[in-house]
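One-letter residues, chain by chain:
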Amino acid sequence: MSRRDYITKHIYTDFGSIAYHFKGPKMADTAIIFLHGHFDSALENRSYHLFDQNDEVLKIFLDHRWHGSSTRTKFYPSLSERAEDIDILIESILISFPSIANLHIAGYSQGGAVLIYYI
């Protein structure tokens with residue numbers, strides 16, 4: 001698999017846009033959301049290979065604000081702002097992919113810290 005296998009969507013907000021990249025069956029009932037590490041972006045360092053083995057789930061990689069294809073805000077976003085990105089993403093996913101009944105979220109490095117804050 002390669003980066004070209006992913007489709008990128010933007011969610012427009014009052015501060016700009018949040019980008020996410022996805023691949024997999026659009027009618028899947030399960031999705032995995034991956035939160036990248038500090039200074040990375042969603043598809044950097046070949047992290048998109050983490051979930052290659054499971055073709056039955058929708059794979060979603062979030063670019064937090066200020067990272068990757070998302071808008072760079074004036075100030076570097078706090079953990080709480082990046083945790084808000086998760087809520088914004090989930091709301092958009094449930095509208096775009098209404099068959100999703102199970103969401104799993106994984107975070108690497110700073111993405112893990114954002115996830116813990118979110119929880």
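Structural data are supplied above this passage.
What you see is a predicted model; the values in this text were computed from it and never measured.

Caption draft 1: Local environment of the overall build of the protein. Helix and strand counts for the protein come out as two helices and five strands. Overall, the protein shows an N-to-C arrangement of helices and strands of β-β-β-β-α-β-α. Evaluated residue by residue, the protein yields a buried proportion of 45% over its 119 residues. Counting only contacts in the protein whose residues sit at least 6 apart along the sequence, the fraction spanning at least 24 positions is 69%. Of the roughly 6400 Å² of accessible surface on the protein, a fraction of 54% belongs to carbon and sulfur atoms.

Caption draft 2: Up close: the packing of aromatic side chains. For the structure shown, the criterion picks out four aromatic pairs. Look at Phe 22 and Phe 97: their rings are 5.1 Å apart centre to centre, the planes differ by 70 degrees, and that puts the pair in the edge-to-face class. Here the residue Phe 22 occupies a position in strand 2 (residues 16–23), and Phe 97 occupies one in the loop between helix 1 (79–96) and strand 5 (102–107), the gap between them amounting to 75 residues. A residue is classified by how much of its surface remains accessible, and Phe 97, at 3% relative accessible area, is buried. Pairing Phe 34 with Phe 61 gives two aromatic rings, centres 5.4 Å apart and planes at 55 degrees, and the pair type is tilted. Taken together, the residues span a long stretch of sequence, with Phe 34 in strand 3 (residues 30–35) and Phe 61 in strand 4 (residues 58–63) at a distance of 27 residues.

Caption draft 3: Unusual backbone geometry, seen in detail. For Ser 109, which is not a glycine, the phi torsion comes out positive at approximately 55 degrees. In this fold, Ser 109 is placed in the loop between strand 5 and helix 2 (110–118).

Caption draft 4: Spotlight on the sheet that holds strand 4. Strands sit in the order 1-2-4-3-5 across an open sheet of five strands; the sheet is mixed. At either margin of the open sheet sits one strand with a lone partner, and together these are strand 1 (7–13) and strand 5. Strand-to-strand, the axes of this sheet are offset by a mean angle of 25 degrees, without reference to chain direction. In terms of strand pairing, strand 3 meets strand 5 through six bridges, oriented parallel. Counted as the bridge partner of Thr 30 is Asn 102 from strand 5.

Caption draft 5: Local environment of the nonpolar core. With 20 residues, the main nonpolar core has Tyr 20, Ile 33, Leu 58, Ile 60, Leu 89, Ile 93 and Phe 97 as its most contacted residues. Of all the elements, helix 1 adds the most residues to this core, at five residues.

Calculation notes
- Residues numbered from 1 in each chain as written.
- Predicted model: local features only at pLDDT ≥ 70, side-chain atom pairs only at ≥ 80, totals over all residues.
- Heavy atoms only, no water.
- Helix = DSSP H or I, 4+ residues; strand = E, 2+ residues; numbered from the N terminus.
- Buried < 20%, exposed > 50% of the residue type's maximum accessible area, 1.4 Å probe, protein only.
- Contact = heavy atoms within 4.5 Å.
- Areas by Shrake-Rupley, 256 points an atom, 1.4 Å probe, with all protein chains shown as cover.
- Phe/Tyr/Trp six-rings, centres within 6.5 Å; stacked < 30°, edge-to-face > 60°.
- Pairing = 2+ DSSP bridges.
- Axes fitted to C-alpha atoms, helices over the stretch in contact; angles between N-to-C directions.
- Core = buried A, V, L, I, M, F, W, Y, C linked by side-chain atoms within 4.5 Å.

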